[in-house]
Amino acid sequence: MGRRSGVQVGPEQYYAVAMQLLAEHGPAELKIATLCARLGVTSGSFYHHFDGWSGFVRGLLAHWEVEQTAKVVEVTESVTDDPVERLDVLRRFAVSLPHAAEAAIRNWAALDPEVGLAQRRVDERRRAALEDVLAGAVRDRADAARLASLGMSILVGFQQIHHPPDPSLLRMHLEDYHVLVLRHVPRPDGGHTIVSRA
């Protein structure tokens, strides 16, 4: 491990700073020298942990996938068996995502095929997790697939359009989306839940 004023610096610290730099400046400023300067270490520390820039990028993308995608499955499956409550958990999780950094990753994906593949895997895993939860609530898999696609469109569109991102705005969008989903939830009498927004 490298050291920063007596504090050991490992790959996790590099990834955390990389996400900060992406959020602040976009992919153009994500460089070895910038990372090392922010961490207060030499380039030797970087090469101790990573096999060059491509190795770092692969590690960063894998870290992002695990931290921001696998976690969503863990969160929804560990909290409750009620699919509507699980949708609430997903909504809160979506609002808490590092949107500025993810918007930068989307821009980066247009320039780097490896980043593009990772970004598409993340989107697909999120979409699939959302569809699985929706399928338990609305019962019709076709409706669940369509609603999952809509939900992902709201998230991706928010990240692409709003700079800097305003989580309160996304929260309102997802509240509207939640109301729409609830209209597809069947009632015990065979009808569908009718919900009006307060």
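Structure's up top.
Report on the accompanying structure. Quick caveat, the model's predicted, so the values are computed rather than measured.

1. Notes on the packing of aromatic side chains
Link 1 in the chain: Scanning the entire structure with this criterion turns up ten aromatic pairs.
Link 2 in the chain: Aromatic side chains Phe46 and Trp53 sit 6.5 Å apart centroid to centroid with 20° between the ring planes, which places their arrangement in the stacked category.
Link 3 in the chain: The partly exposed category is assigned to Trp53, whose relative accessible area is 29%.
Link 4 in the chain: Both rings, one in Trp53 and one in Phe56, keep their centres 5.2 Å apart while their planes meet at 35°; by these two values the pair is tilted. Residue Trp53 and its partner Phe56 are both found in helix α4 (residues 52-79); the two are separated by three residues, about one turn of the helix.
Link 5 in the chain: Three or more aromatic residues joined by ring pairs make a cluster, and in this case those are Tyr14, Tyr15, Phe46, Tyr47, Phe50, Trp53 and Phe56.

2. Comments concerning the environment of Arg127
Link 1 in the chain: Here Arg127 is to be found in helix α7 (residues 113-138).
Link 2 in the chain: If we ignore the near neighbours within four places in the chain, the residues touching Arg127 are Ala148 and Met152.
Link 3 in the chain: Here the side chain of Arg127 touches Glu124 through a polar contact of 2.9 Å, side chain to side chain.
Link 4 in the chain: Here the side chain of Arg127 touches Glu131 through a polar contact of 2.4 Å, side chain to side chain.

3. Considering the pattern of salt bridges
Link 1 in the chain: For the coordinates displayed, the defined rule picks out eleven salt bridges.
Link 2 in the chain: The shortest N-O distance in the salt bridge between Glu24 and Arg38 comes to 2.8 Å. Taken as a pair, Glu24 in helix α1 (residues 11-25) and Arg38 in helix α2 (residues 32-39) lie far apart in primary sequence, 14 residues in all.
Link 3 in the chain: Note that Asp123 and Arg106 form a salt bridge whose closest N and O atoms lie 2.8 Å from each other. One end of the pair, Asp123, is in helix α7; the other, Arg106, is in helix α6 (residues 99-109), with 17 residues separating them in the sequence. The same class applies to Asp123 and to Arg106, which are both buried.
Link 4 in the chain: Taken together, the shared-partner salt bridges connect Glu124, Arg127, Glu131, Asp132 and Arg141 into one network.

4. Some words on helix α5 (residues 83-96)
Since one α-helical turn is 3.6 residues long, residues separated by three or four positions face the same way.
Link 1 in the chain: Here α5 contains 14 residues, and its C-alpha end-to-end distance of 20 Å stays within 8% of the 20 Å for a straight helix at 1.5 Å per residue.
Link 2 in the chain: Where α5 is concerned, the buried positions are Pro83, Arg86, Leu87, Val89, Leu90, Phe93, Ala94 and Val95.
Link 3 in the chain: One side-chain oxygen at the N-terminal end of α5 lies 2.8 Å from the backbone nitrogen of Val84; it belongs to Asp82.

Criteria and thresholds
Residues numbered from 1 in each chain as written. Predicted model: local features only at pLDDT ≥ 70, side-chain atom pairs only at ≥ 80, totals over all residues. Heavy atoms only, no water. Phe/Tyr/Trp six-rings, centres within 6.5 Å; stacked < 30°, edge-to-face > 60°. Buried < 20%, exposed > 50% of the residue type's maximum accessible area, 1.4 Å probe, protein only. Helix = DSSP H or I, 4+ residues; strand = E, 2+ residues; numbered from the N terminus. Contact = heavy atoms within 4.5 Å. Polar contact = N/O pair within 3.5 Å; in protein donor to acceptor, adjacent residues only side chain to side chain. Salt bridge = Lys/Arg side-chain N within 4 Å of Asp/Glu carboxyl O. Expected span 1.5 Å × (residues − 1).

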